Amino acid sequence: MFEVPELDSDISFLRNYLTKDLVNDLDMYIFEKKGLEWKITDKS
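Cut-off values and rules
- Residues numbered from 1 in each chain as written.
- Predicted model: local features only at pLDDT ≥ 70, side-chain atom pairs only at ≥ 80, totals over all residues.
- Heavy atoms only, no water.
- Helix = DSSP H or I, 4+ residues; strand = E, 2+ residues; numbered from the N terminus.
- Areas by Shrake-Rupley, 256 points an atom, 1.4 Å probe, with all protein chains shown as cover.
- Patch = residues over 30% accessible without salt bridge, like charges linked within 9 Å, V, L, I, M, F, W, Y side chains within 5 Å.
- Salt bridge = Lys/Arg side-chain N within 4 Å of Asp/Glu carboxyl O.
- Buried < 20%, exposed > 50% of the residue type's maximum accessible area, 1.4 Å probe, protein only.
- pLDDT = per-residue confidence, 0-100.

### Some words on the overall build of the chain
Logical step 1: A count of helices and strands for the chain gives 3 helices and 2 strands.
Logical step 2: Along its sequence from the N terminus, the chain presents helices and strands in the succession α-α-α-β-β.
Logical step 3: As presented, the chain carries roughly 4500 Å² of accessible surface, and 56% of it is formed by carbon and sulfur atoms.

### Considering unusual backbone geometry
Logical step 1: Positive phi values are uncommon outside glycine, yet D27 reaches one of about 55°.
Logical step 2: With respect to the element layout, D27 can be found in the loop between α3 (20-25) and β1 (30-34).

### A short note on a nonpolar patch on the surface
Logical step 1: Together, L22, L26, M28, Y29, F31, W38 and I40 line one region of the surface with nonpolar side chains, adding up to about 700 Å² of accessible area.
Logical step 2: Positionally, W38 belongs in strand β2 (residues 37-41).
Logical step 3: By relative accessible area, W38 is classed as exposed at 57%.

### What to know about the confidence of the model for the chain
Logical step 1: Within the chain, residue pLDDT values average 80, and 89% of them lie at 70 or more.
Logical step 2: The spread of mean pLDDT over the elements of the chain runs between helix α1 (residues 3-7), the lowest at 72, and β2, the highest at 86.

Structure, rendered in structure tokens:
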């Protein structure tokens with residue numbers, strides 16, 4: 001866990017470890033399809 005900040009920048013960390021499955025599992029965002037695109041919406 002402590003090696004990651006030493007080896008990866010914030011952007012590369014997100015690219016390498018933050019997957020759609022993890023976001024869904026942790027309930028980090030709520031997505032809604034608006035037109036042809038998926039958009040992040042606020043939680044109420």
